[in-house]
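Coordinates in review
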Amino acid sequence: MRGCTRLALLCALPWLLPLVAPGRPAPPAALRRDPRNPARGAEFDRIYSGVVSLPTENIYSFNYTSQPGQVTAVRVYVNSSSENLDYPVLVVVRQQKEVLSWQVPLLFQGLTNVAFHFTASPSQPQYFLYKFPEDVDSVIIKVVSTLAYPCSVVSVQNIMCPVYDLDHNVEFNGVYQSMTKKAAITLQKKDFPGEQFFVVFVIKPEDYACGGSFFIQEKENQTWNLQRAKNLQVTIVPSIKGSVYVKSILLSLVIFFSFYLGCLFVAFIHYIRFRRKSTDGSFGSNDGSGNMSVSNPIAASTPEGSNYGAIDESSSSPGRQMSSSDGRQPCQSDTDSSVEESDFDTMPDIESDKNIIRTKMFLYLSDLSRKDRRIVSKKYKIYFWNIITIAVFYALPVIQLVITYQTVVNVTGNQDICYYNFLCAHPLGVLSAFNNILSNLGHVLLGCLFLLIVLHRDIVHRRALEAKDIFATEYGIPKHFGLFYAMGIALMMEGVLSACYHVCPNYSNFQFDTSFMYMIAGLCMLKLYQTRHPDINASAYAAYASFALVITLTVLGVVFGKNGMWFWLTFSAVHILASLALSTQIYYMGRFKIDWKMFRRAAVVFYTDCIQQRSRPLYMDRMVLLIVGNLVNWSFALFGLIYRPRDFASYMLGIFICNLLLYLAFYIIMKLRSSEKILLIPSFCIVATAVVWAAALYFFFQNLSSWEGTPAESREKNRECILLDFFDDHDVWHFLSATALFFSFLVLLTLDDDLDLVRRDQIPVF
């Protein structure tokens, strides 16, 4: 033990006072010093006094026998009436395999920004004094050890008595962390009225708190505890100044507001080009009747006789039926119910039945955009309003919970509750890691920007419809913006909930950071499918119910997935069956009835068509996509069943992302195969998306903490800041992932802009 003169004396006196109360008998004569025997026997729980000088020493012998399986310690209190630092009293404790010594009065070792090496053990805790310099408002205590065990505790306590340096009371005061190889604590001067504090190091008698074994092996000679010494290195360095906070906040704002300027620049360029085309009269090649003269590369490439069931463009195309005088849509089906077979009495009527249309060998967009545009638009707007409701009801209790977590951390001082990167955790106000929260600003700002872009396109499209522009009703992909609005809200909420998670990241609230990632991936897949299948996409209620089921499975996986083999068997079976059911629906364009007997009917169809008749699949492109998709999903299911990953939330997110990437790749390949073009802006967005995602994933896999282990084990992965001495690798992941998601959304928004001048009865469905 080391310390200051008056403080160490005061710390000892309260413990001595009960033992020197009046009336206590003096030590017996047998215990007085015998010149022939320098060591005299002594008993526990008694006070012995004497006088020592340079030639005189007092020796007391205590006999202690440890019992097998016990972890006990003896504490020695020494008090001296002398306050002379030039002639201190040296106290030496000789044990069976170790010698401890200290002086009275104690002299504290002051810590500076120079690394200090020392050794601590369960019977010899260490504590040091640090005083804030005048020009320093915040410091970081960095502790390093080459050995993970024995488990230790680093505590920072205010200057007061007693100093809590025992295993059972070190957590009673101040801020503390358990430690294996690394520990880091950020402290601010305003939290210490005396502008100084103690740094206390306690070695625990067992390693269970740090992830080690709780079992103590019984031995005849219980000397193992004497070997629990740990070499430590402590360094106290000044933390960042307030100007770094300002620079980091400004940099974040500048980076993401530059995207706003970039979008304004692109919009201005498009406006100039549009005005020039309008002036030159070169906006498309019109044939005089309002219809665009375009080629049909798909139809030209199909063999003769393969247009069985095709709709005659001159009679049944929605665009041809519309009168050029009023520009209104024809009477179309407003419901998704099938027409009874008895309703048909002529051959032309048969082309209005979706069972016939959707099972044609070659489908065009006009076949799957026959419903009233207003009804379909209202259907997709439900996605937007529902996700706002979900966001409000989901976010409010989350915010309340993380505020409670942060309050508990601040009140108790227990920094094992939250899994920060403590080497780069910069506090601000009541927040312990403000940098991890600030880095999520990009999701909110870019989500808002995406909503503005979608709103602009929506307004332009509405004006075109009001002007009865034929290009808005008969050409290009049908414009329904409800899913895009929902995607923008989901991106903003991902930033909000990720910030909430990083207020106090731990095992209990990790799903806050991933819930809207599932929604983003699911909404992107729905939007991609809606592009060429506007009439048969899933309703908002079914989609959000599916997302709720996924989040429920994720929570069950986090709770029971670590050691529950039964859970993985059930989940893998559900995963495979869901993949087969969804594949059947996609292959038959929603015309395959989903019930408990669907797998039996699918097996009968497969046996009849593929085994008995040995016929080729009618929709080869769809079949290839679904086969590859099922192989990927079955591989995920088998991987989970065999390896049972502990991070189930990330495992589930990986399934969603892989399916989204697979479908996007298929869509782009089929688009190019159909002789369609990818314009400059979507091409740039595709390249930017790939590059930024690659960089983002690099920083994502730089694990800086992990709630899968103990807090002490998580701190072994902590690293220093890499950007402006303020942001760490995970913060850079936040920046890049927000940018990558924004570009991904722009890909979906602009990918089919080349079809704006192509008739819908000439746009293939795949």
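Note that this is a predicted model, so its numbers are computed, not measured. (Residues numbered from 1 in each chain as written. Predicted model: local features only at pLDDT ≥ 70, side-chain atom pairs only at ≥ 80, totals over all residues. Heavy atoms only, no water.)

Let's talk about the nonpolar core
Membership of the largest hydrophobic core comes to 100 residues, with the highest contact counts inside it found for Tyr383, Ile387, Phe450 and Leu523. Counting residues per element, this core draws most heavily on helix H10 (residues 482–503), at 14 residues. Sequence-distant contacts of Tyr383, defined by excluding residues within four places in its chain, comprise Gly482, Leu483, Ala486, Leu523, Leu526, Ala538, Ser539, Ala540, Ala543 and Tyr544. Formed by 23 residues, the second largest nonpolar core is a distinct cluster that contains Phe118, Ala120, Val156 and Val234. (Core = buried A, V, L, I, M, F, W, Y, C linked by side-chain atoms within 4.5 Å. Buried < 20%, exposed > 50% of the residue type's maximum accessible area, 1.4 Å probe, protein only. Helix = DSSP H or I, 4+ residues; strand = E, 2+ residues; numbered from the N terminus. Contact = heavy atoms within 4.5 Å.)

Comments concerning unusual backbone geometry
Note the cis peptide between Tyr149 and Pro150, where omega equals 10 degrees. A positive phi angle is found at Glu195, which is not glycine, with a value near 55 degrees. Residue Glu195 is classed as partly exposed on the basis of its relative accessible area, which comes to 35%. You will see that Leu724, though not glycine, has its phi angle at about 60 degrees, which is positive. Take Leu724: it is sitting in the loop between helix H18 (711–715) and helix H19 (729–750). The exposure class assigned to Leu724 is partly exposed, which follows from its relative accessible area of 38%.

Describing the state of the cysteines
Inspection of every chain in the model, using the stated rule, returns three disulfides. Disulfide partner of Cys151: Cys210, at an S-S distance of 1.9 Å. Between Cys151 and Cys210 the disulfide shows an S-S torsion of about 55 degrees. By sign, it is right-handed. Linking Cys151 in the loop between strand S7 (138–144) and strand S8 (152–158) with Cys210 in the loop between strand S11 (196–203) and strand S12 (230–238), this pair joins segments that are 59 residues apart in sequence. (Disulfide = S-S within 2.5 Å.)

Regarding the sheet that holds strand S6 (residues 126–131)
Taking strand neighbours across the sheet as the criterion, the four strands line up as S6-S11-S8-S9 in an open arrangement whose pairing is antiparallel. Edge strands, defined here as strands with exactly one partner in the open sheet, are S6 and strand S9 (175–179). This sheet shows a mean twist of 15 degrees between the axes of neighbouring strands, independent of strand direction. With six bridges joining them, S6 and S11 adopt antiparallel strand pairing. Paired with Phe128 across the bridge in S11 is Val199. (Pairing = 2+ DSSP bridges. Axes fitted to C-alpha atoms, helices over the stretch in contact; angles between N-to-C directions.)

So, the pairing of strand S4 (residues 99–104)
Burial of the side chains of S4 is restricted to one face: Leu100, Trp102 and Val104 are buried, whereas none of Val99, Ser101 and Gln103 on the reverse face is. In this sheet, S4 lies alongside strand S3 (residues 89–94) in antiparallel orientation, the contact comprising six bridges. Looking across to S4, one finds that Val89 is bridged to Val104.

Focus: the packing of helix H6 (residues 373–412) against helix H12 (residues 540–560)
The interhelical angle for the contact between H6 and H12, taken along N-to-C directions, is 35 degrees, at an axis separation of 9 Å. Crossing geometry of H6 relative to H12 is assigned as right-handed. Here Ile382, Tyr383, Asn386, Ile387 and Ile390 of H6 lie close against H12, whose contacting residues are Ala540, Tyr541, Ala543 and Tyr544. Here the residues of the contact of H6 with H12 are counted per class, giving eight nonpolar, one polar and no charged. (Left-handed = near helix turned anticlockwise from the far one by under 90°. Nonpolar A, V, L, I, M, F, W, Y, C, P; charged D, E, K, R; others polar.)

Side note on the side chain of Gln415
If you trace the backbone, Gln415 turns up in the loop between H6 and helix H7 (434–438). A relative accessible area of 16% places Gln415 in the buried class. Not counting residues up to four positions away in its chain, the partners in contact with Gln415 are Val175, Tyr176, Gln177, Ala184, Ile185, Phe422 and Arg715.

Read these as layout, nothing more, since geometry by itself doesn't imply function.
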